[in-house]
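Results of the structural survey
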Amino acid sequence: MDILHYCRSTHISIAKHICVNSVVTSVLQVSIIRLAVRNIPPSWDEQKLRAVFIAGVKERATKENPHVKQVKILRDPERTDPGGNPAGKSRGFGFVEFADHSHALAALRQLNNNPKAFGSTERRPIVEFAVDNVKILRSREDKLLKQKQLQRQKKEQQQQQQGAEGAEAAVVGEPDNQQQQQQEVSNDDRWWEEVPDWLKASRQQQQQQ
């Protein structure tokens, strides 16, 4: 399927300016898992938006268990949010990113222009696949990769440190074992010293015979 037919089949109005002659520019690309959402109620936060989109997928595909990777509502930091959000007042526009394309497509088809989605016929969600900046996506992927590498290195260092501490504890414990053995031998000698002389002599005669 070429990109022009893909855009038409999924009703991606926001991507029309890059769907010309079946060519996508090297800077922008249409995401297949990230949705752009408009007309979000001003009082809504990311948690509520996430819940609506997960419910939308389950309404259309009852056996599916969709996973939302990220939800972001754009806000104006210069305007006070009535709900007290420190990031500012909602701009009514945001993004919902799924882990799977089929779930993103199901959410789009179920929620786009749905009068019941936001609980008000006056405010219907406009949902479409987002247009991503390739450079920004690569930068974010590189950042996530570096974070994973740092976490892996930190875990390996902790394991090496724990191994070194265990070896050190084993070395320190060896003299204690030797001391315990010496003490046991010493206790045996002390027991022989407490044996009566006549019993010692009898034992020695038996050994000579």
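Above this text is the structure in question.
Residues numbered from 1 in each chain as written. Predicted model: local features only at pLDDT ≥ 70, side-chain atom pairs only at ≥ 80, totals over all residues. Heavy atoms only, no water.

Brief notes about the side chain of Glu 128
- Examined against the element boundaries, Glu 128 turns out to sit in strand S4 (residues 126-133).
- Glu 128 gets classed as buried once you look at its relative accessible area, which sits at 3%.
- At 3.5 Å, the side chain of Glu 128 and the side chain of Arg 38 are in polar contact. (Helix = DSSP H or I, 4+ residues; strand = E, 2+ residues; numbered from the N terminus. Buried < 20%, exposed > 50% of the residue type's maximum accessible area, 1.4 Å probe, protein only. Polar contact = N/O pair within 3.5 Å; in protein donor to acceptor, adjacent residues only side chain to side chain.)

Topic: the pattern of salt bridges
- For the coordinates displayed, the defined rule picks out five salt bridges.
- Close ionic contact of Asp 76 with Arg 91 constitutes a salt bridge, the shortest N to O distance being 3.9 Å. Of this pair, Asp 76 sits in strand S2 (residues 68-76) while Arg 91 sits in strand S3 (residues 89-98), and the two are 15 residues apart along the sequence.
- We classify Asp 76 as buried; its relative accessible area is 15%. (Salt bridge = Lys/Arg side-chain N within 4 Å of Asp/Glu carboxyl O.)

Quick notes on unusual backbone geometry
- A positive phi angle, close to 70°, is found at Asn 39, a residue other than glycine.
- Here Asn 39 is to be found in the loop between strand S1 (28-38) and helix H2 (46-60).
- Classification of Asn 39 as partly exposed rests on a relative accessible area of 33%.

So, the sheet that holds S3
- Within the open sheet, the four strands sit side by side as S2-S3-S1-S4. Their pairing is antiparallel. At either margin of the open sheet sits one strand with a lone partner, and together these are S2 and S4. Strand after strand, the sheet turns through a mean of 35° between neighbouring axes, direction not considered.
- Strand direction decides the pairing type here: S1 and S3, joined by five bridges, are antiparallel. Residue pairing for S3: Ala 36 is matched across the bridge by Phe 95.
- Of the strands in this sheet, S1, S2, S3 and S4 are in contact with H2, which crosses S2 at around 135°. (Pairing = 2+ DSSP bridges. Axes fitted to C-alpha atoms, helices over the stretch in contact; angles between N-to-C directions. Contact = heavy atoms within 4.5 Å.)

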